[in-house]
Amino acid sequence: MEISHIEHIGIAVKNLDTAIKYYEQVLGLQCYAIEEVTDQKVKTAFFKVGETKIELLESTDPESPIAKFIEKKGEGMHHLAFATKDINKSLKEAEDKGIKLIDKEPKSGAEGLDIAFLHPKSTFGVLTEFCEKKK
Ligand code: ZN
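S.K.: Whenever I open this one, the overall build of the protein chain confuses me. Can you help?
M.R.: From N to C terminus, the protein chain includes 3 helices and 8 strands. If you list the helices and strands of the protein chain from N to C, you get β-α-β-β-β-α-β-α-β-β-β. Radius of gyration (C-alpha) of the protein chain: 15 Å, near the 14 Å computed for a compact globule of 135 residues. Counting only C-alpha atoms and orienting by the principal axes, one finds that the protein chain spans roughly 45 × 30 × 25 Å. Relative to its 135 residues, the protein chain shows a buried fraction of 41%. Put simply, 53% of the contacts in the protein chain that link residues at least 6 apart link residues at least 24 apart. Of the roughly 7,800 Å² of accessible surface on the protein chain, a fraction of 53% belongs to carbon and sulfur atoms. Between the mean site of the 20 positive side-chain charges and the mean site of the 24 negative ones, the protein chain shows a separation of 3 Å.

S.K.: Even after reading the chapter, I still don't get the coordination of the zinc ion, so can you show me in this structure?
M.R.: The expected angle between donors at a tetrahedral four-coordinate metal is 109.5 degrees. At an octahedral six-coordinate metal it is 90 or 180 degrees. Distances from the zinc ion to its protein donors, H8 (NE2), E55 (OE), H79 (NE2) and E129 (OE), fall at 2.0 to 2.5 Å. Counting the intervening residues between successive donors of the zinc ion yields the motif H-x46-E-x23-H-x49-E. Here E129 lies in strand 8 (residues 128-133) and H79 lies in strand 5 (residues 76-84), a separation of 50 residues in the sequence. Here H79 falls in the buried class, since its relative accessible area comes to 3%.

S.K.: Any chance you could explain the layout of surface pockets here in plain terms?
M.R.: Vacant regions in the atomic arrangement are exposed by a probe of water-molecule size rolled over the atoms. When its volume is computed, the largest pocket comes out at roughly 710 Å³. The dominant element in the lining of the largest pocket, judged by the number of residues it contributes, is helix 2 (residues 65-73), at 6 residues. Class assignment of the residues belonging to the lining of the largest pocket gives a composition of 17 nonpolar, 8 polar and 9 charged. Considering only enclosed or pocket space, the second largest pocket measures out at about 220 Å³ in volume. Around the second largest pocket sit 13 residues that line it, and S4, H5, E7, A83 and K133 are the ones nearest its centre. Those elements that place two or more of their residues in the lining of the second largest pocket are strand 1 (3-12), strand 5 and strand 8. Considered class by class, the residues forming the lining of the second largest pocket number 3 nonpolar, 3 polar and 7 charged.

The rules we used
- Residues numbered from 1 in each chain as written.
- Predicted model: local features only at pLDDT ≥ 70, side-chain atom pairs only at ≥ 80, totals over all residues.
- Heavy atoms only, no water.
- Helix = DSSP H or I, 4+ residues; strand = E, 2+ residues; numbered from the N terminus.
- Rg over C-alpha atoms; globule rule 2.2 N^0.38 Å.
- Buried < 20%, exposed > 50% of the residue type's maximum accessible area, 1.4 Å probe, protein only.
- Contact = heavy atoms within 4.5 Å.
- Areas by Shrake-Rupley, 256 points an atom, 1.4 Å probe, with all protein chains shown as cover.
- Lys, Arg positive; Asp, Glu negative; His and termini not counted.
- Charge placed at Lys NZ, Arg CZ, Asp CG, Glu CD.
- Donors = N, O, S within 2.8 Å, 3.2 Å for Na, K, Ca; no water.
- 1 Å grid on protein atoms, 1.4 Å probe; cavity = no way out; pocket = protein on both sides within 12 Å on 5 of 7 lines; lining within 4 Å.
- Points joined across faces, edges and corners; volume = space filled by probe spheres on them.
- Nonpolar A, V, L, I, M, F, W, Y, C, P; charged D, E, K, R; others polar.

Structure (C-alpha cells):
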C-alpha cells in the first residue's frame, strides 16, 4: 500500500477555542482552518506542522464518537491519519490482511479528503485513519 506520510494527528478536546489558544499562544502554531464536519458530528481546527497537521476535534453532539471518547477516556490523542495514494486499494489490502475495518467505504472528511477508519482492536490500540485527497 502506498502511504506517503502522516497526514494528521487527531486530538479530542472539550472546547476548541481553549485548545486553539494553547496551540497558538504556547506552541506558536497558527490555526488556518475551522470546519464543521456534519458527517462526523465534529468541529475541527487545523494547524500545520511541516507536512503533517494537527486536527483538533470538538463534538457537536452528545451522541457523537468524539463525545463518547471524551466521556470514556478524557481529552487526548484520538487517532492517527496516514495519507494514502488510493484509499479504496488500501482498505481492501488491509482487510485482506485480516485488519478489522470500521469503514468499508470511504466517507467525506474535513478538507475535502476521503477518509476511512481501521478498528483499533486490529491496530494495537491506535484508531487509524486513511486519507486520500479527492481528485
Ligand atoms: Zn482525522
